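Letter by letter, the chains look like this.
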Protein chains: 2
Amino acid sequence: MKVIKKIDIIGRGNVATHLYRALGNYDVTLINPHTLDGLDRNADIILISVTDRAIKEVSDKIGDTSAIVAHTSGTTPIQVLSKPGQKYGVFYPLQTFSKEVDIDYTRIPFFIEGADEETEKVLKQVAAQVSQTVYTADSEKRKIIHMASVFACNFINHLLGISNEILSKNSIPFSVLAPLINETIKKAVNTDNPHSVQTGPAVRGDEKIISSHMDMLEGHPDYQKLYMMLSDSIKQTRDKLKKRN
Amino acid sequence: MKVIKKIDIIGRGNVATHLYRALGNYDVTLINPHTLDGLDRNADIILISVTDRAIKEVSDKIGDTSAIVAHTSGTTPIQVLSKPGQKYGVFYPLQTFSKEVDIDYTRIPFFIEGADEETEKVLKQVAAQVSQTVYTADSEKRKIIHMASVFACNFINHLLGISNEILSKNSIPFSVLAPLINETIKKAVNTDNPHSVQTGPAVRGDEKIISSHMDMLEGHPDYQKLYMMLSDSIKQTRDKLKKRN
């Protein structure tokens, strides 16, 4: 297999700059996506780490290259990079990057796809230099993982935001919930099925508590609706689990 | 202030057994709630750690006692323990206890209420022997914290369950999301307002992704509804935040 030395990363966002740091063992250059100044079309790998809708445009601007060209998006199909004679693939780190936070890259799962077997091998080899968890995933699988992460991360963050609103309106610091939140997550990720460790008024069928929470949320019809819908969903899931057992 | 030596804990659930361990510095006894066998009515404190609806009944069974009687519930008002001449209060640890998991008690927030000042002081002193974070909270405040924890913990666990369902149906291990989930939580609890670090298709207004996720959830009308409602709520919150800034 080809030895990889030089990697150019096109992008200036959080993913690009974090990959730049994580791939420090290689001869790695960070390239401005607007000008492509300094791009080496003889590099071994060119990573396109820009917003989803800009990937195609950047790929066109690169033009002919002997490099493996790979994008880093969870939701964009591999085909967007397809060109006659081109080696291409996907190099997707599943993480929510912020510029400030230091991250342990070894624990970030990478999902790799190659247009051909050799390309996939090379990209997996590079990912394995960074992370202990490297998977092969085609575009369909990446889409599923991305959707699951919307439930597990984006929606969860929103609920934490609502929880914080409720507390801060009553001058209670959000930090009082931190140990409980951490324990909830620990429990959920250490079980085969988080539904099986569900707690709270909905799964207990405690309608008295539920209706007192409805009263407390008066003036927030949107949060009342969310509360009821999530509680109903918890009850339905409980009943489904019961039937199965 | 009175020196506390003997504490009897009535209960056999997770909270009771964990408090039994956490209060090991005292002369502590765990009492069967059905028989009250061995209950010392001259103990300094009697903790009632049973289901909400059984608290009143157990309190009646205790009868006359010189002990401070306190329940450990987040949702039950202090008044349930009121009796002429009785010292009573609430001793509420905010945590999701499981029997198996070892817990660092020093990090669990305790919310204390006493029917009189002296009782409150004593209960806070005992809680401070266990935990670094002890708050005074009346029944109204406890109810608010409990409701916030339903959003932050019960609902979050349910979303993790859905996320796990989506992945396991496609033979992807739930563990691939663990680093992302942990990072999301870390970010959210370290900010003043989790809404301000919201990521994902809804906050970006990426309708193309949202509608592709709707397609992928076909056959799960309940999850489709949840997805849309949570996404709409994220958009509304985003627009509210924008107006404010």
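This structure is a prediction, so every number in the text was calculated from the model and none was measured. Note that residues are indexed from 1 along each chain, following the sequence as it is written. Chain letters start at A and ligand numbers start at 1, both assigned in the order the entries are written. The predicted nature of this model means local features are confined to residues of pLDDT at least 70 and side-chain atom pairs, given and counted, to a pLDDT of 80 or more, with totals for whole chains, interfaces and linings taken over all residues. Hydrogens and waters are ignored; side-chain quantities use all the structure's heavy atoms.

J.: Looking at this model, I keep getting lost on empty space enclosed by the protein. Mind explaining?
T.: Here the idea is plain: a probe the size of a water molecule rolls over the atoms and shows the empty space left. Whether a set of points on the 1 Å grid over the protein atoms alone is a cavity depends on a 1.4 Å probe fitting there but being unable to get out, while an open set qualifies as a pocket with protein on both sides within 12 Å along at least five of seven lines; lining residues are those with an atom within 4 Å of a point. Grid points are joined across faces, edges and corners, and a volume is the space filled by probe spheres set on the points. As enumerated under the stated definition, the model contains one cavity of 30 Å³ or more in all. Here the largest cavity defines a volume of roughly 30 Å³. At the level of secondary structure, the elements contributing two or more residues to the lining of the largest cavity comprise α4 (139-169) of chain A together with α6 (201-204) and α8 (221-244) of chain B. Lys, Arg, Asp and Glu make up the charged group, whereas Ala, Val, Leu, Ile, Met, Phe, Trp, Tyr, Cys and Pro make up the nonpolar group; the residues left over, Gly among them, are polar. Of the residues belonging to the lining of the largest cavity, the class tally is six nonpolar, four polar and no charged. Elements are defined by DSSP. Helices are runs of H or I of four residues or more, strands are runs of E of two residues or more, and each kind is numbered from the N terminus.

J.: Is there a simple way to think about the confidence of the model for chain A in this case?
T.: As a general rule, the predicted coordinates of low-pLDDT regions are not to be interpreted in detail. Note on scores: pLDDT gives the predictor's confidence for each residue, bounded by 0 and 100. Predicted confidence across chain A gives a mean pLDDT of 93, with 98% of residues reaching 70 or more. For this predicted complex, the interface confidence reaches an ipTM of 0.87, while the overall pTM sits at 0.87.

J.: Can you walk me through the packing of aromatic side chains in this structure?
T.: Any two aromatic rings considered together are summarised by their centre-to-centre distance and by the angle between their planes. Only Phe, Tyr and Trp rings are paired, with Trp represented by its six-membered ring, and only when their centres lie within 6.5 Å; those with planes under 30 degrees apart are stacked, over 60 edge-to-face, the remainder tilted. Taken as a whole, this structure holds twelve aromatic pairs over all chains when the rule is applied. Judged by centre distance (6.2 Å) and plane angle (35°), the ring pair of Y92(A) and F111(A) falls under tilted. Remark: F111(A) occurs in strand β6 (residues 110-114) and Y92(A) occurs in strand β5 (residues 88-93); sequence separation between them is 19 residues. No difference in accessibility class separates Y92(A) from F111(A), as the two residues are buried. Relative to Y135(B), the ring of F111(B) lies with its centre 5.2 Å away and its plane at 15°, an arrangement referred to as stacked. One end of the pair, F111(B), is in strand β6 (residues 110-114); the other, Y135(B), is in strand β7 (residues 134-136), with 24 residues separating them in the sequence. Each residue gets one of three labels from its accessible area relative to the maximum for its type: buried under 20%, exposed over 50%, partly exposed in between, using a 1.4 Å probe on protein chains only. Residue class for F111(B) comes out buried when judged on its relative accessible area of 2%.

J.: Looking at this structure, I do not really get the sheet that holds strand β1 (residues 6-10) of chain A. What am I missing?
T.: By way of backbone hydrogen bonds, the strands of a sheet pair with one another, either parallel or antiparallel. All names here are of chain A. Spatially, β2-β1-β3-β4-β5-β6-β7 is the arrangement adopted by the seven strands of the open sheet, whose pairing is mixed. The sheet is open, and its two borders are formed by β2 (27-31) and β7 (134-136), each paired with just one other strand. Between one strand and the next, the sheet's axes are offset by a mean angle of 25°, whatever the strand orientation. When DSSP finds at least two bridges between two strands, those strands are taken to pair. Where β1 and strand β3 (residues 45-48) come together, four bridges link them in parallel fashion. Among the inter-strand pairings, D8 is bridged to a residue of β3, identified as I46. Here helix α1 (residues 14-22) sits on the sheet and contacts β1, β2, β3, β5 and β6; the angle it forms with β2, its principal contact strand, is near 160°. Angles here are taken between N-to-C directions and fall from 0 to 180 degrees, while the axes themselves are lines fitted to C-alpha atoms, restricted in helices to the stretch in contact. Whether two residues are in contact is decided by their heavy atoms, any of which lying within 4.5 Å being enough.

J.: Can you help me understand the interface of chain B and chain A in this one?
T.: One frequent convention defines the size of an interface as the accessible area lost when the parts assemble. Listed as interface residues are 83 residues of chain B and, on the opposing side, 84 residues of chain A. Of the roughly 8,100 Å² buried at the junction of chain B and chain A (both faces included), carbon and sulfur atoms supply 72%. Any Lys or Arg side-chain nitrogen located within 4 Å of an Asp or Glu carboxyl oxygen qualifies as a salt bridge. Taken together, the connections running from chain B to chain A amount to zero salt bridges. Any pair of nitrogen or oxygen atoms within 3.5 Å is treated as a polar contact; in protein, a donor-acceptor pairing is required on top of that, and neighbouring residues in sequence qualify only through side-chain atoms on both sides. Taken together, chain B and chain A are joined by 22 residue pairs in polar contact (both at pLDDT 80 or more). For the side of chain B that touches chain A, the elements supplying multiple residues, two or more each, are α4 (139-169), α5 (178-189), α7 (207-216) and α8 of chain B. If you tally residues by element for the side of chain B that touches chain A, the top one is α4(B), at 26 residues. For the side of chain B that touches chain A, a count of residues per class yields 45 nonpolar, 26 polar and twelve charged. We define buried area as the total accessible area lost by two parts upon association, computed with a 1.4 Å probe and summed across both.

J.: Can you walk me through the pattern of salt bridges in this structure?
T.: Any two side chains of opposite charge can pair, so long as their charged atoms come close to each other. All names here are of chain A. Scanning the model with the defined rule gives 18 salt bridges over all chains in all. The salt bridge partner of K235 is D232, with a shortest N-O separation of 4.0 Å. Residue K235 and its partner D232 are located together in helix α8 (residues 221-244), separated by three residues, close to a single helical turn. Using a relative accessible area of 34% as the deciding quantity, one classes D232 as partly exposed. It is possible to trace a salt-bridge network through shared partners that takes in K6, D8 and D40.

J.: I would appreciate a short explanation of the pairing of strand β4 (residues 68-71) of chain B in the present structure.
T.: Each regular strand displays side chains that alternate between the two surfaces of the sheet. Residue and element names in this part refer to chain B. On β4, burial covers both faces: I68 and A70 on one face and V69 and H71 on the other are all buried. Taking the sense of rotation as the criterion, the β-α-β connection linking strand β3 (residues 45-48), helix α2 (residues 55-62) and β4 turns out right-handed. In the sheet, β4 pairs with strand β5 (residues 88-93) via three bridges, with the strands oriented parallel. Residue pairing in the sheet places H71 in a bridge with V90 of β5. Note on handedness: a crossover is taken as right-handed if, strands pointing away from the viewer, the path from the first strand over the helix to the second is clockwise.

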